[in-house]
Amino acid sequence: MDAAQPGKGKWVLVTGGSRGIGRALVKHLAGQGYQVVFTYQSSAEAARELEREVAEQGGQAEGHACDGRDYDAVRQVCEQLVERLGEPYGLINNMGMTGDQLLFKFDIERYREVVATNLDSSVYFSKCLAPAMAAEKRGKIIHMSSVSGLKGNKGQVGYSATKAAMMGITRSMALELARFKINVNAIAPGYIATEMVEQIPADARKSITSSIPLKRFGEVEEVAALASFLLSTQANYITGQTFLIDGGLTA
Ligand SMILES: NC(=O)c1ccc[n+]([C@@H]2O[C@H](COP(=O)([O-])OP(=O)(O)OC[C@H]3O[C@@H](n4cnc5c(N)ncnc54)[C@H](OP(=O)(O)O)[C@@H]3O)[C@@H](O)[C@H]2O)c1
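These notes cover the structure that comes with them. Predicted model only: the values in this text are computed from it and were never measured. (Residues numbered from 1 in each chain as written. Predicted model: local features only at pLDDT ≥ 70, side-chain atom pairs only at ≥ 80, totals over all residues. Heavy atoms only, no water.)

Our next topic: unusual backbone geometry. Positive phi values are uncommon outside glycine, yet Lys137 reaches one of about 55°. On the secondary structure map, Lys137 appears in the loop between helix H4 (108–136) and strand E5 (139–144). For Lys137, a relative accessible area of 44% corresponds to the partly exposed category. One non-glycine residue, Lys181, adopts positive backbone phi at about 60°. Position of Lys181 relative to the elements: it lies in the loop between helix H5 (157–177) and strand E6 (182–189). Its relative accessible area of 57% is what places Lys181 among the exposed residues. (Helix = DSSP H or I, 4+ residues; strand = E, 2+ residues; numbered from the N terminus. Buried < 20%, exposed > 50% of the residue type's maximum accessible area, 1.4 Å probe, protein only.)

Here the focus is the packing of aromatic side chains. Considering all chains together, one arrives at five aromatic pairs under this definition. Taking 6.4 Å as the distance between ring centres and 45° as the angle between the ring planes, the aromatic pair formed by Phe38 and Tyr40 counts as tilted. (Phe/Tyr/Trp six-rings, centres within 6.5 Å; stacked < 30°, edge-to-face > 60°.)

As a matter of local geometry, the ligand sits amid 30 residues, with Ser18, Ile21, Ser42, Ser43 and Tyr159 nearest to it. Ile192 is positioned such that a nitrogen or oxygen atom in its backbone is 2.8 Å from an oxygen atom of the ligand. Contact with the protein chains covers 95% of the free accessible surface of the ligand, which is 900 Å². At the level of secondary structure, the elements contributing two or more residues to the shell around the ligand comprise helix H1 (20–31), H5 and helix H6 (195–198). (Near = heavy atom within 4 Å. Polar contact = N/O pair within 3.5 Å; in protein donor to acceptor, adjacent residues only side chain to side chain. Areas by Shrake-Rupley, 256 points an atom, 1.4 Å probe, with all protein chains shown as cover.)

By themselves, these are just geometric observations and shouldn't be taken as functional.
Quick look at the structure:
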């Protein structure tokens, strides 16, 4: 194996690759030689820009608009990709939304949207791609959870539920898929500097930073580096686990 290009000859799917952590994942993995396919919902322009940036750096990345809440759309995209590219090596279920709202002002449709976006999409993509990985008797699935799945946050009843559930599906999928040598793990980031976190009002951001032992938000590249390790063959004996990357927030 070429140490600088561990992804050579392997394709991986990153959901929600157009922005934030997903975008960093796409760039990092393409830089390691993986052929990266990513999905997005509506950021077509950002997707084309990302494809160009990766190509300029000599990598391969292609973006597809696919609403991850829609099972038929997910199935169709996955079937077409497997037919064209063969068995996938990895899947990172990264797409997500917070949809914060207090219980007293709860909008049920918004809650359902959060569940469909974060949790249902992860199950849909895993269901559609795991059989193709199993056929090769190798593969890696990573679910992007959150510290909000471990630690409560006001306004995040829906978000926390989905992120805790992603730790649960990680364990169950790991047990089911171990016989096919497919590793399933989760990453639970704390506060990472993305648009999702920039939406938090400035004074609240300041107080959050002071509550983080390392006194800063994490960088998207730091999350991408952890994901790349979990995708690598060096992590072949790790499965069913959730890895916190939170500057000590939950220590
Ligand atoms: N940022 C943090 O501090 C943090 C902390 C813990 C966990 N996380 C988790 O990390 C993941 C990425 O977070 P982020 O901050 O990078 O998010 P982000 O910047 O808001 O990006 C979200 C991504 O998901 C895509 N997406 C959203 N809904 C979709 C749908 N229905 N169908 C297809 N794609 C959809 C978006 O596509 P469009 O661009 O087309 O909208 C975008 O690519 C999420 O699961 C989040 O919960 C983030």
